[in-house]
Structures are given as C-alpha cells and as structure tokens.
Amino acid sequence: MTKSALITGITGQDGSYLAELLLEKGYKVYGLIRRLSTPNLSRIEQILDKIDLIEGDLTDQSSINNALKESMPDEVYNLAAQSFVATSWNQPVLTGDVTGLGAVRILEGERQVCPDAHFYQASSSEMFGKVNETPQNENTRFYPRSPYGFAKLYAHWACINYRESYGMHASNGILFNHESPRRGIEFVTRKITNGVARIYYGLGNELRLGNLNAKRDWGYAGDYVKAMWLMMQQEEPDDYVVATGETHSVGEFAELAFRVAGLDWKEYVVVDAKFLRPAEVNLLLGDASRARRVLGWEPEVTFEQLVTMMVKADLMIYEEKGNVAK
C-alpha cells in the first residue's frame with residue numbers, strides 16, 4: 001500500500017529535498033504552505049505536478065487539523081519554523097508562536113485526527129547553545145542562546161511529552177547545521193557563497209560578516225533528510241543527533257569559498273559588528289553515534305564538497321542571469 005506523508009515547510013531547503021526523497025520511495029506527498037500573494041515555490045518547481053499542496057498555518061489550529069484530515073498521513077514531518085536565528089531576536093514572540101507552539105498544534109492535531117501516524121520534529125543544535133561538553137550528543141544538557149533556540153527546545157520537549165503521555169510515535173531529529181545550494185540567502189553560508197559569486201562577476205567588492213571564529217558542524221541537507229526518513233521507519237520512536245562530527249569556523253568556510261572561485265578571501269571579507277549576535281554560540285560539534293548505530297546513517301558529502309557545490313551553484317546563477325561585469 002502506498003504510504004502518504006505531510007510535510008510542513010515543504011517550500012524550504014529541507015522540505016524540498018525530503019519531498020524529492022519521499023517521491024523516489026513511492027510516497028504520496030502533501031505539503032502545508034501558507035497563503036501568500038506570491039508564494040515562493042522555487043525550490044519545488046520541479047515536483048509541483050507530483051505533490052499536493054494544502055494551505056495552512058502553524059499559528060492556526062483549525063487549518064492544521066484540516067490539513068491532517070485531507071492528507072490522513074502515515075508520516076508527518078514538521079520542518080516549518082521561523083528558522084533564522086538573527087530574526088528571532090527581533091521577533092521573539094512570533095518565533096515562539098510558530099517554531100515552538102506550532103509544533104504543539106501539529107502534535108495535538110495528529111493526536112485527534114491520525115494518532116497512529118509517525119511524527120518527526122525538526123529539532124536543532126542551537127538548543128545546545130552555550131555547550132557544557134564537546135561533542136554534543138542526545139544526553140548533553142541544553143543551554144539555548146537565542147529565542148530560536150529556546151523555541152526549538154519547547155517543541156523538542158513537547159514531542160517527548162506527547163510520545164510518553166499518549167504513546168505516539170514521535171521522534172526528534174537534533175540536526176546540526178546543514179546547507180545546500182537551496183539554502184536561504186539570509187543564512188551565513190549562502191550569504192558567503194552568493195557574495196563570492198557577486199565579487200567574482202564584478203557585482204560587488206566586499207563581503208561583510210560577523211563572528212569569523214564561530215565554529216559549526218556543517219553537513220549537506222540532502223544527506224540529512226535521509227536521516228529523517230530513517231527515524232520514521234523505526235519500530236520505536238527516539239531522539240537522534242544528526243551531524244558530521246567535524247567542525248569548521250565561519251572564516252574557514254569563507255576562505256574555502258573564495259578559493260573555489262580563485263580569489264583571496266582576505267581581500268574582500270570585512271568584519272561588521274552589526275552582524276554579531278547578542279549572545280553568541282561559539283562552538284557546535286555533534287556526536288551522531290546513535291544515528292550511525294541504530295539508523296545505519298552516514299553523511300556522504302564532505303565539507304569541501306559542500307562548499308564547492310554551493311559556490312559553483314551561485315556562480316552558475318549569475319552566469320545564467322547574464323548581468324555580469326566580466
């Protein structure tokens with residue numbers, strides 16, 4: 001029998017890769033999208049004729065319930081969120097409502113409409129924040145350092161409570177930073193690769209960044225959605241860290257990105273205090289031993305391959321636009 005899945009955040013980076021993966025596996029795929037005058041469907045253009053989109057909003061319980069009734073999914077993947085850390089400082093209440101309470105609304109809707117469906121919550125390494133041990137695993141104490149981080153933590157514990165209180169198959173994927181050419185331009189990795197492409201084609205002469213010393217465990221989004229799917233196939237629900245086990249600084253990312261384009265990053269990168277966070281997370285490094293052992297998951301794309309992939313994709317975008325100075 002064909003399985004069905006409902007993905008919130010299907011128009012985002014992870015949602016688009018996950019939708020493609022599920023289609024390859026023969027799923028009927030539904031996606032929850034907000035009603036916008038000009039919806040951004042660019043990441044899923046290539047699969048629009050293969051999926052069903054349902055209008056809804058994580059701040060509205062009735063629309064979530066209606067989406068669940070329409071799709072009656074075997075699996076629910078909650079990937080939607082206000083997911084930009086910097087914005088969460090300017091809009092902390094909205095972030096809490098969408099990223100935190102939004103997950104509870106989906107869990108509650110699933111409990112009422114399709115309690116046997118498997119539920120995936122997109123937790124985040126930002127929940128570790130001011131880390132007290134390195135690397136971080138599923139038992140590491142949480143210490144979030146942003147409204148985004150503590151909103152994700154609320155959702156994370158909601159998932160655990162619904163699992164333990166109602167016997168629901170609800171799992172958390174504590175994903176460390178994962179990037180791709182589909183990453184939003186507001187995130188530092190894509191800001192860097194886009195900046196490199198602009199400078200390469202003579203459309204800019206500098207790239208302003210914040211803390212170059214912040215270190216992250218960066219992986220490829222296409223690899224990480226496979227871990228999400230594997231969690232939903234397990235007989236028992238659980239929580240899993242998904243990470244590469246390597247850490248690299250923002251400065252390293254920038255240096256490599258410029259090198260891919262044949263440029264010296266030191267000639268173009270400028271540190272700008274306005275991009276510094278009120279409370280910085282200096283180091284995140286994940287221990288994905290449980291995911292490797294239980295799920296059989298392994299990251300396939302290396303850090304160097306990831307950065308190269310993203311730079312080449314952005315160079316191609318500007319080349320195809322034809323509005324380049326060179």
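Here goes a summary of the coordinates provided. Quantities reported herein were computed from a predicted structural model and do not represent experimental measurements. Counting of residues starts from 1 at the beginning of each chain's written sequence and follows it residue by residue. Per-residue local features are limited, in this predicted model, to residues with pLDDT of at least 70; the limit for side-chain atom pairs, both in listing and counting, is 80 or more; totals at the level of whole chains, interfaces and linings are taken over all residues. As a rule here, side-chain values cover all heavy atoms of the structure and leave hydrogens and water aside.

**Concerning the nonpolar core**
For the record, the criterion: Put simply, buried Ala, Val, Leu, Ile, Met, Phe, Trp, Tyr and Cys residues joined by side-chain atoms within 4.5 Å make one nonpolar core. Each residue's exposure class comes from its accessible area (1.4 Å probe, protein chains only) as a fraction of the maximum for that residue type: buried when under 20%, exposed when over 50%, partly exposed otherwise. Only DSSP runs of H or I with at least four residues qualify as helices, and only runs of E with at least two residues qualify as strands; both kinds are numbered from the N terminus onward. Here, residues are in contact when the closest pair of their heavy atoms is within 4.5 Å.
With 63 residues, the main nonpolar core has Ile7, Leu18, Leu22, Tyr77, Tyr120, Ile192 and Trp297 as its most contacted residues. A per-element tally of this core places helix α7 (residues 221-232) first, with 9 residues. Among all residues touching Tyr120, those that are not within four sequence positions of it are Val76, Tyr77, Asn78, Leu79, Ser171, Gly173, Leu175, Met228, Met231 and Met232. Among the nonpolar cores identified, the runner-up in size contains 23 residues, and Ile64, Val76, Val98 and Met168 belong to it.

**Thoughts on the side chain of Ser249**
Note the cut-off: Under this definition, polar contacts are N or O atom pairs within 3.5 Å; protein pairs additionally need one hydrogen-donor-capable and one acceptor-capable atom, and for neighbouring residues in sequence, both atoms have to be side-chain atoms.
Take Ser249: it is sitting in strand β12 (residues 248-249). Looking at Ser249, its side chain comes within polar contact range of the main-chain nitrogen of Glu252, at 3.0 Å. Look past the residues within four positions of Ser249 in its chain and what remains in contact with it is Leu212, Asn213, Ala214, Lys215 and Trp218.

**A word on the state of the cysteines**
Formally: Counting rule for disulfides: a pair of cysteine sulfur atoms within 2.5 Å.
Under the defined criterion, the tally for this structure stands at 0 disulfides. Cysteine Cys114 shares no disulfide, and the gap to the nearest cysteine sulfur, in Cys159, comes to 14 Å. On the basis of relative accessibility, which here comes to 6%, the residue Cys114 falls in the buried class.

**Remarks on the sheet that holds strand β1 (residues 4-8)**
Rules: One requirement defines pairing of two strands: DSSP has to find at least two bridges between them. In this analysis, axes come from line fits to C-alpha atoms, helices being fitted only over the stretch in contact, and the angle between any two N-to-C directions falls in the range 0 to 180 degrees.
Read from one edge of the open sheet, 7 strands run β3-β2-β1-β4-β5-β6-β11, paired in parallel fashion. The open sheet has two edge strands with one neighbour each: β3 (52-55) and β11 (239-242). Across the sheet, the mean angle separating the axes of adjacent strands is 20 degrees when strand polarity is ignored. Two strands pair when backbone bridges link them, and β1 and strand β4 (residues 75-78) are joined in this way by 4 bridges, in the parallel orientation. Looking at β4, one finds that Leu6 is bridged to Val76. Most of the contacts of helix α4 (residues 92-113) go to strand β5 (residues 118-124), to which it runs at about 170 degrees, and overall it touches β1, β4, β5 and β6 (170-175).

Geometry only, nothing functional implied.
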